[in-house]
Amino acid sequence: MTKRVILGKRGSEYGIWVSKPGYNVQTATNDQLLLNISQAVDQIIMLGTINSFSTVVPLGLSVLPYVFINSTVFHQSTDGSSYLSNLGYMRPFPFGDSTANTTVIVTTAEMVFNSGGSFFGYPISVHYVVFRRRTT
Amino acid sequence: MVNPRIRIGPGGSSPFMVVQPGANPANPNFDDIIFNGNHMPLRVMQKGNISVPSKGIPQVTSQFNYSWSSPVPLVYSSPGYRRLCNCIWYEPTFSPGYWFPWFNGVNSGGSQGGGVLVNDYYLYGLNWHTTIQSGSAFYPRAIVVWYIVYYNLVGV
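We now turn to the structure provided with this report.

Parameters at a glance
Residues numbered from 1 in each chain as written. Chains lettered and ligands numbered in written order. Predicted model: local features only at pLDDT ≥ 70, side-chain atom pairs only at ≥ 80, totals over all residues. Heavy atoms only, no water. Helix = DSSP H or I, 4+ residues; strand = E, 2+ residues; numbered from the N terminus. Buried < 20%, exposed > 50% of the residue type's maximum accessible area, 1.4 Å probe, protein only. Contact = heavy atoms within 4.5 Å. Phe/Tyr/Trp six-rings, centres within 6.5 Å; stacked < 30°, edge-to-face > 60°. Lys NZ or Arg CZ within 6 Å of the ring centre and 35° of its normal.

Observations regarding the environment of B:Asp32
All names here are of chain B.
Moving on, step 1. Mapped onto the secondary structure, Asp32 falls in the loop between β2 (16-19) and β3 (33-36).
Moving on, step 2. For Asp32, a relative accessible area of 22% puts it in the partly exposed group.
Moving on, step 3. Measuring from C-alpha to C-alpha, the distance between Asp32 and Gly22 comes to 8.8 Å, with ten residues separating the pair along the chain.
Moving on, step 4. Not counting residues up to four positions away in its chain, the partners in contact with Asp32 are Val18, Val19, Gln20 and Ala23.

Below you can see the structure in the form of structure tokens.
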């Protein structure tokens with residue numbers, strides 16, 4: 001059985017390490033580790049969906065985070081009902097010249113999603129992911 | 001004396017916290033966190049590359065669409081999960097070593113759109129399209145698209 005977790009001493013350093021399957025955590029190199037004591041893990045602290053604009057999402061952080069945005073498109077059926085298209089999540093965003101851009105202003109206090117976007121006239125939903133990674 | 005950098009247990013801002021040297025694992029600053037047990041780490045679901053063939057030098061002025069015809073099945077396909085996807089591309093014969101975000105198009109100007117789509121089951125190439133003059137040197141060359149898809153995050 002390969003040892004994959006250390007909570008304690010590894011070499012001359014104390015901390016926590018988790019290795020990939022098949023690698024001995026005592027000797028694993030950096031690219032063979034899932035978690036080590038000295039490198040921050042990219043983590044999500046918030047996510048959600050915006051369906052109407054403009055919308056303010058409170059953040060309440062002390063520093064500017066990294067925010068990832070993508071979108072989905074709703075198609076309008078002939079009977080007037082909307083349904084999620086098979087386009088899935090688009091990235092990058094916004095998309096192409098034919099899309100009315102949605103912009104977002106990010107501060108430490110909040111995110112403001114301005115003017116509703118569209119895709120060839122179809123309404124879109126904007127999905128955001130806020131990372132625990134500062135941008136300043 | 002070694003300051004503790006790992007905290008496990010109730011109280012504090014998270015039941016499990018790993019922090020930078022000198023930081024307080026009970027209530028660390030934003031930048032001092034190595035791992036926070038309350039937050040979802042970004043995990044790679046799958047990654048790969050797709051070769052998209054050249055369209056050749058156009059004989060007549062026409063619009064070209066860049067896309068790949070075979071969607072890439074997702075190894076973990078289930079409805080209701082949000083995924084993150086990112087992609088970059090390069091031209092192996094024209095600009096090896098130069099990587100581009102998809103959105104910039106190819107050296108032809110007037111391009112539109114582009115990107116990668118992910119639904120519950122597949123990853124698709126999204127049409128990048130542009131109108132190219134007959135005989136233009138800026139025809140759509142063969143490209144390679146590298147993509148990475150992350151697992152769903154928290155339940156939404």
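On we go.
A word on the packing of aromatic side chains
We describe a pair of aromatic rings using the distance from one ring centre to the other and the angle between the two ring planes.
Residues and elements named next belong to chain A.
Moving on, step 1. Using the criterion set out here, one finds three aromatic pairs over all chains in the structure.
Moving on, step 2. Centre to centre, the rings of Tyr66 and Phe131 are 5.4 Å apart; their planes meet at 40°, and the pair counts as tilted. One end of the pair, Tyr66, is in strand β6 (residues 65-76); the other, Phe131, is in strand β13 (residues 122-134), and 65 residues separate them in sequence.
Moving on, step 3. Classification of Tyr66 as partly exposed rests on a relative accessible area of 27%.
Moving on, step 4. Residue Phe131 is classed as buried on the basis of its relative accessible area of 2%.
Moving on, step 5. When the centroid spacing of 5.6 Å and the interplanar angle of 40° are considered together, the rings of Phe113 and Tyr128 count as tilted. In this pair, Phe113 is assigned in strand β11 (residues 110-113) and Tyr128 in strand β13, connecting sequence segments 15 residues apart.
Moving on, step 6. Overall, Tyr128 belongs to the buried group, its relative accessible area being 8%.
Moving on, step 7. Lying over the aromatic face of Tyr66, Arg133 brings its terminal NZ or CZ to 4.3 Å of the ring centre.
Moving on, step 8. Lying across the ring of Phe131, Arg133 places its NZ or CZ 5.3 Å from the centre.

None of this, on its own, says anything about what the molecule does.
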